[in-house]
Amino acid sequence: MDLQRLELEALRLPTADRAALAQSLLASLDPADEGDVAARWLNEAERRAAEIDSGIVETITAEVVSARARALLR
């Protein structure tokens, strides 16, 4: 089956099946496994925490974030 025919067949699938197929295909392109992804998220969280602790970045409250977002949507 060539790619064009495969795509046409896939597009005929129900929405949930197309979403599952798309997710599976995208996951096959990323060689990182779940453990690797978790390790990268942990490194990122530690990096951000260190920036907060050292004063490089300043935190703001959720209320301020919400207010700014609402202001942007007006």
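It should be emphasised that the depicted structure is a prediction, and the values quoted were computed from it without experimental measurement.

## Let's talk about the overall build of the protein
Now for step 1: Each helix and strand in the protein was counted, giving 4 helices and 0 strands.
Now for step 2: Across the protein, helices and strands are ordered from the amino to the carboxyl terminus as α-α-α-α.
Now for step 3: Taking 74 residues into account, the globule formula puts the C-alpha radius of gyration at 11 Å, and the protein, at 21 Å, lies well above it.
Now for step 4: Across its three principal axes, the protein shows a C-alpha extent of roughly 60 × 40 × 15 Å.
Now for step 5: Out of the 74 residues belonging to the protein, those deemed buried represent 1%.
Now for step 6: Taken as a whole, the protein presents about 6,800 Å² of accessible surface, with 60% of it coming from carbon and sulfur.
Now for step 7: A distance of 10 Å separates the average location of the 9 positive side-chain charges in the protein from that of its 14 negative side-chain charges.

## Looking at the confidence of the model for the protein
Now for step 1: Put simply, the protein has an average pLDDT of 92, and 99% of its residues get 70 or more.
Now for step 2: For the protein, the element scoring lowest by mean pLDDT is helix α2 (residues 15-29), at 91; helix α4 (residues 62-73) scores highest, at 96.

## A look at the environment of Leu13
Now for step 1: Examined against the element boundaries, Leu13 turns out to sit in the loop between α1 (3-11) and α2.
Now for step 2: A sequence separation of 53 residues divides Leu13 from Ser66, and the C-alpha atoms of the two residues are 39 Å apart.
Now for step 3: Leave out the neighbours within four places in its chain, and Leu13 touches Arg18 and Leu21.

## What to know about the environment of Val65
Now for step 1: Its location among the elements puts Val65 in helix α4.
Now for step 2: Residue Val65 is classed as partly exposed on the basis of its relative accessible area of 42%.
Now for step 3: Sequence spacing of Val65 and Ala19 is 46 residues, and the spatial spacing of their C-alpha atoms is 32 Å.

## Overview of a nonpolar patch on the surface
Now for step 1: Taken together, the side chains of Met1, Leu3 and Leu6 define a hydrophobic patch exposed on the protein surface, amounting to about 390 Å² of accessible area.
Now for step 2: As for its placement among the helices and strands, Leu6 is situated in helix α1.
Now for step 3: Residue classification places Leu6 among the partly exposed positions, given a relative accessible area of 46%.

## Looking at the pattern of salt bridges
Now for step 1: Considering all chains together, one arrives at 5 salt bridges under this definition.
Now for step 2: Ionic pairing is found between Glu44 and Arg48, a salt bridge with its closest N-O pair at 2.7 Å. You can see Glu44 and its partner Arg48 sitting in helix α3 (residues 34-54), 4 residues apart, about one turn around the helix.
Now for step 3: The class for Glu44 is partly exposed, based on a relative accessible area of 22%.
Now for step 4: Close ionic contact of Arg47 with Glu51 constitutes a salt bridge, the shortest N to O distance being 2.7 Å. Remark: Glu51 and Arg47 occur in helix α3; sequence separation between them is 4 residues, near one turn of the helix.
Now for step 5: Within the structure, one salt-bridge network assembled from shared partners comprises Glu44, Arg47, Arg48 and Glu51.

What counts, and where the lines are drawn
Residues numbered from 1 in each chain as written. Predicted model: local features only at pLDDT ≥ 70, side-chain atom pairs only at ≥ 80, totals over all residues. Heavy atoms only, no water. Helix = DSSP H or I, 4+ residues; strand = E, 2+ residues; numbered from the N terminus. Rg over C-alpha atoms; globule rule 2.2 N^0.38 Å. Buried < 20%, exposed > 50% of the residue type's maximum accessible area, 1.4 Å probe, protein only. Areas by Shrake-Rupley, 256 points an atom, 1.4 Å probe, with all protein chains shown as cover. Lys, Arg positive; Asp, Glu negative; His and termini not counted. Charge placed at Lys NZ, Arg CZ, Asp CG, Glu CD. pLDDT = per-residue confidence, 0-100. Contact = heavy atoms within 4.5 Å. Patch = residues over 30% accessible without salt bridge, like charges linked within 9 Å, V, L, I, M, F, W, Y side chains within 5 Å. Salt bridge = Lys/Arg side-chain N within 4 Å of Asp/Glu carboxyl O.

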